[in-house]
Amino acid sequence: MKAIVYRKNGPPEVLSLEEIEKPTPGPQEVLIKVRAAAVNPLDCHLLKGGPALMRLLMGRNKLKRPGVDAAGVVEAVGPGVTQFKPGDAVFGCCKGSFAEYASAKESSLAAKPESVSFEDAAAAPIAALTALQGLRDKGKLQTGQQVLINGASGGVGTFAVQFARYFGAHATGVCSARNAQLVRALGAERTIDYAREDFAQGTAKYDVIFDLAGNHSLSASKRVLTPRGLHVGGGILDGPKSMVVMFGGLLLTLVQSRFSRQKFTTFVAKAKRDDLTLIGDLLASGQLKSMIEKRYTLDEVPEAMRYQGTWRVRGKLVIRVAERESA
């Protein structure tokens, strides 16, 4: 099968399209014939390699396969799989999704609704899971609350604005002026152009700050949180900072939160079938939309990764693996 691989960390130029052996699904695993995949900031961080310890754990000169988000058709199932069978259309989180075939844990997949295209389904998993779990589980977002989404036009942000509307909250989106119309169309009642206004210097107060940019100190965010407000750092890899800086910030967040009525937390989304099923249902009903800025072919993955690395993507970048896209 054809797959995007790399053997050493570095820029997108280290990626290559090669012919490799098709994976064999293990216990509780599903082999998927990939129809579409999507790029995430996580892919860029892993390509760079992160801290030396992470590079050591992943192995030097070991063949690595990037890509997590995918949608496709079940090719084969491993021992113990009960939810899916060959021929089923699925979407979720896989291992090495920038390929013609990818394996995934059964628990990390959900059935793809018939009315949802493979591309729209592939664009959703990591970004939509982060938005859903960040606002619902970490932010405890309630109807009528005020939520600020910092980084509202990115992959997670575009889903977060829609989930805020779904939960009945009042969303303010921080984004560039060129993306303001998009963010408002998705459900934000107000937008802030970060080039002209610093939300941390404003007078508005928020019950929840969903921070996808990480460009403000905790003390700055505290000024615009309500007395018992929640600051959620969503998807700690969703930005250009190094992994050392991000994990250091996570530790500081947890320590400072212990000494304040305002709570500060961060997290990494988990692939849960129930949440993926909800996301699929909302996509099918039109209550949720995948915002896809650009589409690439499998051999264009290095180009897609370069663009993702600019941290200026509107919504998601999708990789078309199959020759023809259909629902």
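Residues numbered from 1 in each chain as written. Predicted model: local features only at pLDDT ≥ 70, side-chain atom pairs only at ≥ 80, totals over all residues. Heavy atoms only, no water.

1. So, the overall build of the protein
A count of helical and extended segments in the protein gives ten helices and 15 strands. Each of the 327 residues in the protein was classed as buried or not, and the buried ones make up 54%. In the protein, the share of contacts with a sequence separation of at least 24, taken over all contacts with a separation of at least 6, comes to 70%. Per element, the accessible surface of the protein, about 14,600 Å² overall, is 52% carbon and sulfur. (Helix = DSSP H or I, 4+ residues; strand = E, 2+ residues; numbered from the N terminus. Buried < 20%, exposed > 50% of the residue type's maximum accessible area, 1.4 Å probe, protein only. Contact = heavy atoms within 4.5 Å. Areas by Shrake-Rupley, 256 points an atom, 1.4 Å probe, with all protein chains shown as cover.)

2. Examining unusual backbone geometry
Although it is not a glycine, Gln28 adopts a positive phi angle of roughly 60°. In this fold, Gln28 is placed in the loop between strand 2 (16–19) and strand 3 (29–39). Judged by relative accessible area, which is 43%, Gln28 ranks as partly exposed. For Trp311, which is not glycine, the phi dihedral falls at a positive 60°. Take Trp311: it is sitting in the loop between helix 10 (301–308) and strand 15 (316–320).

3. Concerning the pairing of strand 3
With ten of eleven residues buried, strand 3 lies mostly within the body of the structure. Pairing of strand 3 with strand 6 (residues 101–105) involves five bridges; the strand directions are antiparallel. Looking at strand 6, one finds that Glu29 is bridged to Lys105. Here strand 3 runs beside strand 4 (residues 69–77); their pairing, made up of eight bridges, is antiparallel. (Pairing = 2+ DSSP bridges.)

4. Some details on the pattern of salt bridges
Taken as a whole and judged by the stated rule, the model has eleven salt bridges. Across the pair Lys316 and Asp69 runs a salt bridge, and its minimum N-O distance is 3.7 Å. Here the residue Lys316 occupies a position in strand 15, and Asp69 occupies one in strand 4, the gap between them amounting to 247 residues. Accessibility classification places Lys316 together with Asp69 in one group, the buried group. Overlapping salt bridges bring together Glu119, Arg295 and Arg320 as one network. (Salt bridge = Lys/Arg side-chain N within 4 Å of Asp/Glu carboxyl O.)

5. Considerations on the environment of Glu300
Structurally, Glu300 is set in the loop between strand 14 (292–297) and helix 10. Considered as a pair, Glu300 and Arg320 are 20 residues apart in the sequence and their alpha carbons are 9.6 Å apart. Engagement of the side chain of Glu300 in a polar contact is seen with the backbone nitrogen of Thr297, the distance being 2.9 Å. (Polar contact = N/O pair within 3.5 Å; in protein donor to acceptor, adjacent residues only side chain to side chain.)

6. Details of the nonpolar core
Counting 50 residues, the largest nonpolar core has Leu135, Leu141, Val147, Ile149, Phe163, Phe210 and Ile279 as the members making the most contacts within it. Leu15, Val34, Ala104 and Ile319 belong to the second-largest nonpolar core, a separate cluster that totals 31 residues. (Core = buried A, V, L, I, M, F, W, Y, C linked by side-chain atoms within 4.5 Å.)

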